[in-house]
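Structure at a glance
Spelled out, the chains give:
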Amino acid sequence: MTLGILGSGSGSNMQAILDAIASGTLDARVALVLSDNPDAYILERARSHGIESGVIDCHGFRTKFPGDAQRETANRLKAAGVELVCLAGFMRMVKRPLLEAFPGRIINIHPALLPAFPGLEAWKQALDAGVPETGATVHYVDEGMDTGPVILQETVPVLHGDTTETLHARIQKVEHRIYPAAIRLIAARSAVR
Ligand code: GAR
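In what follows, the accompanying structure is described. (Residues numbered from 1 in each chain as written. Predicted model: local features only at pLDDT ≥ 70, side-chain atom pairs only at ≥ 80, totals over all residues. Heavy atoms only, no water.)

Relative to the helices and strands, Gln70 is located in helix α3 (residues 67–79). Looking at Gln70, its side chain comes within polar contact range of the main-chain nitrogen of Leu98, at 3.5 Å. (Helix = DSSP H or I, 4+ residues; strand = E, 2+ residues; numbered from the N terminus. Polar contact = N/O pair within 3.5 Å; in protein donor to acceptor, adjacent residues only side chain to side chain.)

The final tally for this structure, using the stated rule, is six salt bridges. For Arg47, the salt bridge identified is with Glu44, shortest N-O distance 3.4 Å. Here Arg47 and its partner Glu44 are both found in helix α2 (residues 41–48), three residues apart, which amounts to about one turn of the helix. Overall, Glu44 belongs to the partly exposed group, its relative accessible area being 39%. (Salt bridge = Lys/Arg side-chain N within 4 Å of Asp/Glu carboxyl O. Buried < 20%, exposed > 50% of the residue type's maximum accessible area, 1.4 Å probe, protein only.)

In the neighbourhood of the ligand, 14 residues make up the surrounding shell, with Gly11, Ser12, Asn13, His168 and Glu175 lying closest. A distance of 3.3 Å separates an oxygen atom of the ligand from a polar atom in the backbone of Ser10. One of the side-chain nitrogen or oxygen atoms of His168 is found 2.8 Å away from an oxygen atom of the ligand. Within the complex, the protein chains bury 91% of what would otherwise be the 450 Å² of accessible surface of the ligand. Going through the elements one at a time, α1 (12–22), β5 (106–110) and α6 (164–192) are the ones with two or more residues in the shell around the ligand. The element best represented in the shell around the ligand is α6, accounting for three residues. Of the residues that constitute the shell around the ligand, the class distribution is three nonpolar, 10 polar and one charged. (Near = heavy atom within 4 Å. Areas by Shrake-Rupley, 256 points an atom, 1.4 Å probe, with all protein chains shown as cover. Nonpolar A, V, L, I, M, F, W, Y, C, P; charged D, E, K, R; others polar.)

What follows is the structure, given as structure tokens:
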């Protein structure tokens, strides 16, 4: 399965996907990495792995993903032969131009047990809410905010004395396991079709 990855930050989830591929536990290839943030470390990681990468120009908008930028992103992903688009810490909402180019083929990792705590800094939302456990979810992307069908999710305990950093780090350990596992599931389902 040929993957395209969109990310805005560190790219530790992309690294987990690359590690799973390298260790032979995930039969996939990352063909293209795109970021809306030219300084994102995810681009550095892509370059160091010899993976084609590029910047998505969002014309200075801070959170919006403009329609022409989405069409351009879709064209680049298609040109690279991408079959499944993985959002890995991509902090803009994907809308119709990109969703229609990859129907049912865009997935996301979210640091909470959806439908609880959609949106930004879900680990902080969980801490503020005082819940005993939260988690991580891989789901299909639709037009809503973290609302698409769940592929895999796993709980993570919130421990006494947790800070936003310690809780997010515990959630990320789980993310790094379930993201490659979710891609494996999708690849297996596609092979059966
Ligand atoms: C991850 O924890 C991911 O779940 C979260 O951003 C982090 C990116 O880390 N995504 C969201 O909050 C999206 N709503 P990474 O760049 O190291 O993979």
